[in-house]
Amino acid sequence: MTTLTTPTVVGEGVERVDGPLKITGAAHYPNDFSYPGMVHAALVGSTIAAGRIRSIDASEAQAAPGVLTVITHLTAPQLQAGPMTLLGASPPAPMQDDRILHYGQHIAVVVADSPEQARHAASRVRVEYEPAEALLDVEDPRAAIVENPWGLDTERGDVAAGFAKADVVVEERYTTPDNTNNPLGLMTTVAAWHGDSVTVHDSTQWPHNVRSTIAQIFGIPESGIRVLAPFVGGGFGAGLRVWSHTVLTVLAARQVQRPVKLVLTRPQMFTSVGHRPNSVQLIKLGATAAGDLVAVEHHSISSVAMEDDDYEPVSFGSAVAYACPNALTRDRQARLNIPCPGSMRAPAEGQGNFALESAIDEVAHAVGMDPLQFRLRNYAEEHPVLGLPWSSKALRECYTQGAERFGWSRRTPEIGSMRDGRWLVGYGMAGVSYPFYQVPCQARASLRRDGSAYVRSAATDIGTGTYTVMTQVAAERLGLEISRVRFDLGDSDMPYSPQAGGSGLTGALANAVHIACRNLVAEFLEVVRDDEASPLRGATPDEVTVGGGRLHRIGAPDVGEAYVDILARHGLEELSADGRSTPPDAQKIGMATAGAFGAKFVEVRIDPHLGLLRVARVVSAIDGGRILNEKTATSQIIGGTVGGISQAMFEETATDAGTGRIANATFGDYLMPVNADIPDMEVIFCGAPDRATEVGTKGVGEIGLVGMAAAIGNAVHHATGRRLRSLPFTIDQLLL
C-alpha cells in the first residue's frame, strides 16, 4: 500500500516565488510600462498654503517645445466627487475651482512629448495669488474642530470615581509629528484610453478602489476600466487612496487622446500622497499602590485637511489595552491648510501607543513596580469593552517569552544603574496590539489538464509576500507542490480584493483562497459523483483529502485518483471555483475578534556628554495567529521595527510656519535610519491559530512598528531618568 501525506507547506519559510522576477528585472512596476505614442505629464503645485488663484497664465508653457496641452482649473472639466470607500471619503476632485487649501496643491498639469519638456513647461506656468492666512498648527484656536470623527469615542465605568480611589495619578502631554510615507519608488500613473475604455497602471495598494473611483469621477462604467498593479514596491499606506495625480493623468490622457505617464517628484511625494498626521495627546492614568489600574483617560487631537477626512482614531487603543474598570477615550481633529493626511504604517496605533505605553511606564515607576510585572498585573483576559473572550490572545506569552529571550531579568531597576564604559545602558519595553480588520474578499482557483493550479484575486503585493503566502495556502489546500501553483494579483479584472493595508489583507485573502480551493475540490467530486470509473464516485468533500496531485478517501490513500485523470476522462481542460470570505461577527461567534498582539524589548546606549542615542538590541515577541510563512512574517516584523526606530529617533516632516511649505521634502533633508542605525533584531512568534477564521492567521504588517517609540523612550528613562514625551527623540533632549 502506498502511503500519501498531504504536503504541509503553510508555515514554512518558503522563498518568495516572485523573487526571481525581481532580481532579474522582469517584475514590471508602474513606471516600467509604456505605450506607443506615449507622452508625459508634469504637475504644477501651489506656492501658497491658503487663498485663491487671482490669475494663471499658461501661454508661455503652452508655447514651449513639445507641449501638447496645459490643463488648469479654467480648462478642466467638471468632475464628480469620488465614492465613499471602506477607508472613508475619497479626496476632493482636483482643479475644480480657484481655491488653494494647502501648499503644493495641484493647480495645473502639463503634457509634453518627453518628461524633460513637461517639467520645463510646468516651470513656465505663471500664477498670481490672493493669499490668505493659513492655519497650520494643530492647537490653533481658530481651527475648526471635528468632534468624535468616527463615532469611536468610548466611556465605561466612572472615571472620576476611579481617579479618586487612585494612590498614584500620572497626567502628561505627548506629541507626535507629521511623518511622510516615502516609499523608495516614486508613485506613478500611466493611463491609456481605448475609445470609451481606459487602462490604468498605478502605484496603488487597491486596484478595485482606483477602478470604482475613476468610474464615478468620470461617469463611465466600471466595466470600461482596467487597473493594473502586479508589482508596486513600497507603499506604507501611500497607495491606499486615489490621489489627484492619478485622476489628472486619466484626464490628460483623455484630453490629448494619447497614453500619458506621470511620475511624481520626491518633493511632490510629500504633498500629494498622504502623510501620518501629527497629534497632541493628553493621558491621565490612575493606579493603586499595589499596581492596579483604576482609571484611564486619553484625549487626542490630530490634524486633518480642510476638505477631507482621514481615519486616525489615536486614542481608541487605550480603551481596550488593559483591564481597567474606568476608561474614557476622546478623539478630535483640527482642520488645517495642510496636504491630505492618510494612512501610514500602523496608523493611529503608531501615535496612540507611544503615549499610552510611555504613560504606563511612568505609572509603573511611580508605584515602584517592574514595568513588565505592572503590565502582567493589568492584563485584559477579556475584551474590556465587549466583555467577550478574545478569539486569540497570546500577549502574556509574548511578555514572558520575549522577556526571557531578551534577558529582562538582568535589568536593575535603579535609574542609571547600568553602564558599559562611558555609555549609559537602558532597558525598556512596551506592550503592543493592532486592531482586528477584515472585509469581504474573493478569489478564483482553477486546475488545468497539465496538473497545474492557477489562483487569482485583485490584491496587491507591496513587498509583504502576498504572492508567496497565497501560493502556499493554495498548494496545501489542493495537495500540490508549490511549483505547480501560480498565484496572480494586481488586476481589477480579477475577483474583488480589499486593499493591502490595515493588516487585513492576508486574513481576508487567505480565507478566500482557502474557500476557493475547497470549492474546487468539491467541483471535482461533483464531476465524478456518478462516474462508475472513479473510485471517488459518490464521495463528499468531508470524505476525501488531498496530496500528491490526487484526491483520495480519508484513511485509504489507494482509493483515489489524480486531478488530471478526472479532467482527461471527462474531456475537460480545467475546472474552476470561486471563494468568498466574510469577516466574522463577534456577537455571533461569541468571541471578540482579535488582531495581532506583541511585546517589544529594547536596549539603548546613551553617551551622556554628546547626547548620542543608540539602539543596541531589539526583541519582538509577536502573536500573529497562524504564521503562514515564518520567513516573510519575520521580514515584516523586522521592517516594521526599522520603521518604529525611524519614528522614534529620526522622522519629522517639517512645515514652515510662515508659508506652509514642507522644508525637508527630499531624501537629503528628511532623516531616516541607515544600516548603521539598526541593531541586532530578534523575532519570535507566540500563540496559536486564531479561532475566528478557518485559516487562523492575523496580519503582522503593522504590529512591528507599534510600540518601538515607547520602548525606546522607556529605555532612555531607565538609563538617564529623563522622560521623553515628544517625537522624534533628538540630541537636545538627551544632553544631560
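This section reports on the structure supplied with the text.

Cut-offs and rules
Residues numbered from 1 in each chain as written. Predicted model: local features only at pLDDT ≥ 70, side-chain atom pairs only at ≥ 80, totals over all residues. Heavy atoms only, no water. Patch = residues over 30% accessible without salt bridge, like charges linked within 9 Å, V, L, I, M, F, W, Y side chains within 5 Å. Areas by Shrake-Rupley, 256 points an atom, 1.4 Å probe, with all protein chains shown as cover. Salt bridge = Lys/Arg side-chain N within 4 Å of Asp/Glu carboxyl O. Helix = DSSP H or I, 4+ residues; strand = E, 2+ residues; numbered from the N terminus. Core = buried A, V, L, I, M, F, W, Y, C linked by side-chain atoms within 4.5 Å. Buried < 20%, exposed > 50% of the residue type's maximum accessible area, 1.4 Å probe, protein only. Contact = heavy atoms within 4.5 Å. Pairing = 2+ DSSP bridges. Axes fitted to C-alpha atoms, helices over the stretch in contact; angles between N-to-C directions. Parallel < 35°, antiparallel > 145°, perpendicular 65-115°, else oblique. Left-handed = near helix turned anticlockwise from the far one by under 90°. Phe/Tyr/Trp six-rings, centres within 6.5 Å; stacked < 30°, edge-to-face > 60°. Expected span 1.5 Å × (residues − 1). Nonpolar A, V, L, I, M, F, W, Y, C, P; charged D, E, K, R; others polar.

The next subject is a nonpolar patch on the surface. Together, Leu-184, Phe-667 and Met-672 give the surface a local cluster of nonpolar side chains, amounting to about 290 Å² of exposed area. Inspection of the secondary structure assignment puts Leu-184 in the loop between strand E11 (168-176) and strand E12 (188-194).

We now examine the nonpolar core. By size, the foremost hydrophobic cluster in this structure holds 70 residues, and its most contacted members are Tyr-399, Val-604, Leu-613 and Ile-712. Setting aside anything within four residues of it in sequence, one finds Tyr-399 in contact with Tyr-322, Leu-372, Arg-375, Leu-376, Tyr-379, Met-429, Gly-431, Ala-599 and Phe-601. Among the nonpolar cores identified, the runner-up in size contains 53 residues, and Ala-443, Ala-453, Leu-551 and Ile-566 belong to it.

Spatial strand order, E23-E22-E21-E27: 4 strands in an open sheet with mixed pairing. Looking at strand neighbours, the two that pair on one side only are strand E23 (485-488) and strand E27 (574-581), the edges of this open sheet. Across the sheet, the axes of successive neighbouring strands diverge by a mean angle of 15°, strand direction being ignored. Of the pairings in the sheet, the one linking strand E21 (residues 441-448) to E27 comprises 8 bridges and is antiparallel in character. When the bridges of E27 are listed, Leu-447 appears paired with Leu-575. Along the sheet, helix H11 (residues 466-478) makes contact with strand E22 (453-456) and E23, crossing E23 at roughly 135°. The strands that helix H12 (residues 505-527) touches are E21, E22, E23 and E27; relative to E27, the one it contacts most, it runs at about 140°.

This part covers the packing of H11 against H12. Two elements in contact, H11 and H12, have axes whose closest approach is 9 Å; the angle formed by their N-to-C orientations is 30°. As far as their axial angle goes, H12 and H11 are roughly parallel. As H11 packs across H12, the resulting crossing turns out to be right-handed. In this structure, H11 uses Thr-466, Met-470, Val-473, Ala-474, Arg-477 and Leu-478 to contact H12, whose residues at the interface are Leu-505, Thr-506, Leu-509, Ala-510, Val-513, His-514, Cys-517, Arg-518, Leu-520 and Val-521.

Moving on, we get to the sheet that holds strand E8 (residues 126-131). Spatial strand order, E6-E2-E8: 3 strands in an open sheet with antiparallel pairing. Of all the strands in the sheet, just strand E6 (99-100) and E8 have a single pairing partner and so form its edges. In this structure, strand E2 (residues 51-57) lies alongside E6, joined through 2 bridges in antiparallel fashion. Residue Gly-51 lies in a different strand from E6, and its bridge partner there is Ile-100.

It is worth spelling out the packing of aromatic side chains at this point. Applying the stated rule across the entire model yields 13 aromatic pairs. Note on Trp-150 and Tyr-311: the rings are 5.7 Å apart at their centroids and 70° apart in plane angle, and the pair reads as edge-to-face. Taken together, the residues Trp-150 in the loop between strand E9 (145-147) and strand E10 (154-156) and Tyr-311 in the loop between strand E17 (293-305) and strand E18 (327-336) connect sequence positions 161 residues apart. Given the relative accessible area of 45%, Tyr-311 is considered partly exposed. Ring centres of Trp-390 and Phe-597 lie 5.3 Å apart, and the angle between their planes is 85°; on these two criteria the pair is classed as edge-to-face.

Assignment of secondary structure puts Val-159 in helix H4 (residues 159-165). The spacing of Val-159 and Ala-295 is 136 residues in sequence and 5.6 Å in space, taken between C-alpha atoms. In contact with Val-159, other than residues within four places in its own chain, are Ala-295, Val-296, Glu-297, Asn-326, Ala-327 and Leu-328.

The next point concerns the side chain of Thr-271. Its location among the elements puts Thr-271 in helix H7 (residues 266-272). Its relative accessible area of 14% is what places Thr-271 among the buried residues. Excluding residues within four positions of it along the chain, Thr-271 makes contact with His-102, Tyr-103, Gly-104, Pro-339 and Ile-662.

All right, on to helix H16 (residues 708-720) then. Along its 13 residues, H16 runs 18 Å from first to last C-alpha, staying within 8% of the 18 Å computed at 1.5 Å per residue. In terms of burial, H16 is largely enclosed, as 13 of its 13 residues are buried. Within two residues after H16, Gly-721 carries a phi angle of roughly 85°, on the positive side.

Bringing the pattern of salt bridges into the picture now. On inspection of all chains with the given rule, the structure shows 41 salt bridges. A salt bridge links Glu-15 to Lys-631, with the nearest nitrogen and oxygen atoms 2.8 Å apart. One end of the pair, Glu-15, is in the segment before helix H1 (19-23); the other, Lys-631, is in helix H15 (residues 630-649), with 616 residues separating them in the sequence. With relative accessibility at 54%, the residue Glu-15 sits in the exposed group. Judged by its relative accessible area of 41%, Lys-631 is partly exposed. Taken together, the salt bridges that share partners define one network made up of Asp-420, Glu-603, Arg-605 and Arg-617.

Next up on the list: unusual backbone geometry. The omega angle of the peptide bond from Leu-727 to Pro-728 is -10°, so this bond is cis rather than trans. One can find Pro-728 in the loop between H16 and helix H17 (731-734). A positive phi is found at Ala-348, a non-glycine position, where the angle reads about 70°. For Ala-348, a relative accessible area of 4% gives the class buried.

Right, let's talk about H11 for a bit. Taking 1.5 Å per residue, 13 residues should reach 18 Å; H11 reaches 18 Å between its end C-alpha atoms and fits that length. The buried fraction of H11 amounts to 12 of the 13 residues, a majority that puts the element mostly inside the structure. Residues Thr-466, Tyr-467, Thr-468, Val-469, Met-470, Thr-471, Gln-472, Val-473, Ala-474, Ala-475, Glu-476 and Leu-478 constitute the buried set of H11. Summarising the contacts, the buried residues of H11 are in contact with E22, E23, H12, strand E24 (544-547), helix H13 (563-569) and H15. One or two steps after H11, the chain reaches Gly-479, where phi turns positive at roughly 70°.

The subject of this paragraph is the packing of H15 against H16. Two numbers describe how H15 lies on H16: the axes approach to 8 Å, and their chain directions differ by 55°. In terms of their interaxial angle, H15 and H16 are classed as oblique. Note on packing geometry: the crossing formed by H15 with H16 is right-handed. From H15, Thr-641, Gly-644, Ile-645, Gln-647, Ala-648 and Met-649 reach across to H16, where they touch Met-708, Ala-709 and Ile-712. Taken together, the residues of the contact of H15 with H16 sort by class into 6 nonpolar, 3 polar and no charged.

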